[in-house]
Amino acid sequence: MSARVWKGIIVVVITILLTSCKSSEPTESTGDFLYPYLKDEEVGFLDSTLEQQIEPQFKFVNNRVWPYTFSEGLAAINFLGTIGYINRDGNIVIEPQFDYAQNFKNGLALVRSYGQYGFIDRNGDYIIEPQFQNAQSFSDGLAPVQQHKRRNWGFINQKGDFEIQPQFEMANSFSEGLALIQTSEHHEWGYINPSGELVIPAKYPKAKSFSEGLAPVQLGFKQWGYINKSGAVIIDSKFLEAEPFSEGKAVIAMPVDNENLEQKKYGYINRQGKIIIEPVYEKAFSFHEGRAIIKQNGKYGFINERGQIIAEPIYDKAWHFKGNYAMVKLGEKYGYINKDGVFALEPIS
């Protein structure tokens, strides 16, 4: 057989493999979002035009997996105490059997059964049996786990073997190639790479994961600033609190005034550390889809990127925008607003 023919066969095989991999791990585009909604205390789903896609049939349970969200074609649903997964047709594809379950990511989901954490694939089969006291999701092919209570954390691969041996007081999933860890010796925080090498020394009393190339860390006088992936301080420590960046902005907290340095208000900075939305809020949350949740007088609302209120803080709870809509709670009823802050679906229960 000629080299040209062999080359053609190889190309066809690779194409088939790539196609099958893509189809086995579906993702959601903006137009594919499904939104949970309540009717007579049962949960159904609406499509991106807020037309019914899955009729209400799942009993509403307000717990850690609510609001239900589809990821890679599946959604974790609480069936009166145990959690299973449905597909986009509303059919149960993984039977309810878990105490807790997360969304799928790269074909795997973190689940808990009888108090122990493990990982399943999209068929519901365990790729790693429940055996951990604590665990977080896989990222960069590794997942932080704790085998037993009051024991150190390490990182396992997708076979369940330790790639980075248990040695940390605490560990977070990898983000942008680095994982936040806390040392057992001095209880300070630093960052490791996927090889387990400490690339940013553990010297911070508090720290958070990297996002958009920067990480918030607590520096001098218990104030927060931001470092880059080399550990260099990019934004000086001057904030009472600081959160990771999202859409080029980060939530920070500043003192209300010079006479009361403990009482704080929340606002936003840009990547140069300049305050772009004044800290006037009781609480503030990261930007998603060009909108951010803020809290005033115990109620939630939304602002746009210029800091303008687009939805007055009147809601008892609010969730980030996903596509064109955000879920809000008014009393005991749930509805959806659009990006202008107008109800697209009146609160119903």
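The structure under discussion appears in the preceding block.
What counts, and where the lines are drawn
Residues numbered from 1 in each chain as written. Predicted model: local features only at pLDDT ≥ 70, side-chain atom pairs only at ≥ 80, totals over all residues. Heavy atoms only, no water. Helix = DSSP H or I, 4+ residues; strand = E, 2+ residues; numbered from the N terminus. Rg over C-alpha atoms; globule rule 2.2 N^0.38 Å. Buried < 20%, exposed > 50% of the residue type's maximum accessible area, 1.4 Å probe, protein only. Contact = heavy atoms within 4.5 Å. Areas by Shrake-Rupley, 256 points an atom, 1.4 Å probe, with all protein chains shown as cover. Lys, Arg positive; Asp, Glu negative; His and termini not counted. Charge placed at Lys NZ, Arg CZ, Asp CG, Glu CD. Pairing = 2+ DSSP bridges. Axes fitted to C-alpha atoms, helices over the stretch in contact; angles between N-to-C directions. Salt bridge = Lys/Arg side-chain N within 4 Å of Asp/Glu carboxyl O. Core = buried A, V, L, I, M, F, W, Y, C linked by side-chain atoms within 4.5 Å. Polar contact = N/O pair within 3.5 Å; in protein donor to acceptor, adjacent residues only side chain to side chain. Phe/Tyr/Trp six-rings, centres within 6.5 Å; stacked < 30°, edge-to-face > 60°. Lys NZ or Arg CZ within 6 Å of the ring centre and 35° of its normal.

Engineer: Tell me about the overall build of the protein chain, and please be specific about residues and values.
Structural biologist: Regarding its fold elements, the protein chain presents one helix and 33 strands. Since a compact globule built from 349 residues should have a radius of gyration of about 20 Å, the 23 Å found for the protein chain is in line with a globular shape. Summarising its shape, the C-alpha atoms of the protein chain cover approximately 80 × 50 × 50 Å along the three principal directions. Out of the 349 residues in the protein chain, the part that is buried amounts to 44%. Taking contacts inside the protein chain between residues at least 6 apart in sequence as the whole, the part at least 24 apart equals 29%. For the protein chain, the accessible area works out to roughly 17,800 Å², and carbon and sulfur atoms hold 47% of it. Side chains of the protein chain give 35 positive and 41 negative charges; the mean places of these two sets differ by 3 Å.

Engineer: Give me the sheet that holds strand β28 (residues 299–304): which residues, what numbers.
Structural biologist: Taken in spatial order, the four strands line up as β26-β27-β28-β29 in an open sheet, and their pairing is antiparallel. With one partner strand each, in any of the chains shown, β26 (283–288) and β29 (309–315) form the two edges of the open sheet. Across the sheet, the mean angle separating the axes of adjacent strands is 15° when strand polarity is ignored. Note that β28 and β29 share three bridges and pair antiparallel. What sits directly across from Ile303, in β29, is Ile309.

Engineer: Give a description of the sheet that holds strand β33 (residues 343–348) that names residues and reports values.
Structural biologist: One open sheet holds the four strands; their spatial order is β30-β31-β32-β33, and the pairing between them is antiparallel. In this open sheet, the two strands that pair with only one neighbour each are β30 (317–318) and β33. The pairing of β30 with strand β31 (residues 326–330) spans two bridges and is antiparallel. Note on β31: the bridge partner recorded for Ala318 is Val328.

Engineer: Describe the pattern of salt bridges, naming the residues involved and giving the relevant values.
Structural biologist: Applying the stated criterion across every chain yields a total of eight salt bridges. Salt-bridge contacts for Lys229 lead to Glu176; the nearest nitrogen and oxygen are separated by 3.7 Å. Here the residue Lys229 occupies a position in the loop between β20 (224–227) and β21 (233–239), and Glu176 occupies one in the loop between β15 (162–175) and β16 (178–183), the gap between them amounting to 53 residues. A relative accessible area of 38% means that Lys229 is categorised as partly exposed. Note on Glu176: relative accessible area 36%, which makes it partly exposed. Note that Lys329 and Glu332 form a salt bridge whose closest N and O atoms lie 3.8 Å from each other. By relative accessible area, Glu332 is classed as exposed at 61%.

Engineer: Account for the nonpolar core, with residues named and values stated.
Structural biologist: Counting 49 residues, the largest nonpolar core has Phe45 and Tyr85 as the members making the most contacts within it. With four residues, the single largest contributor to this core is strand β5 (residues 74–79). Contact partners of Phe45, with chain neighbours within four places excluded, come to Leu34, Tyr35, Pro36, Tyr37, Glu51, Gln52, Gln53, Ile54, Tyr68, Phe70, Ile77 and Ile86.

Engineer: Outline the environment of Gln136, listing residues and values.
Structural biologist: Structurally, the position occupied by Gln136 is in the loop between β12 (134–135) and β13 (143–146). As a C-alpha pair, Gln136 and Gly115 span 21 residues in sequence and 14 Å in three-dimensional space. With sequence-adjacent residues up to four places away left out, Gln136 is seen in contact with Leu110, Phe119, Ala143, Pro144, Trp153, Met170, Ala171, Asn172 and Ser173. Of the polar contacts made by the side chain of Gln136, one reaches the backbone oxygen of Ala171; its length is 3.0 Å.

Engineer: Could you give an account of the packing of aromatic side chains, with specific residues and numbers?
Structural biologist: If you walk through the whole model with that rule in mind, you get 22 aromatic pairs. A ring pair is formed by Phe45 and Phe70, whose centres lie 5.0 Å apart and whose planes are at 75°; its orientation type is edge-to-face. With Phe45 in strand β2 (residues 42–46) and Phe70 in strand β4 (residues 70–71), the pair connects residues that are 25 residues apart, well separated along the chain. Phe70 matches Phe45 in its accessibility class, with the two residues each being buried. Grouping aromatic residues by their ring pairs yields a cluster made of Phe60, Trp66, Tyr68, Trp319 and Tyr334. A cation sits over an aromatic face here: Arg271 above Phe245, 5.9 Å from the ring centre.

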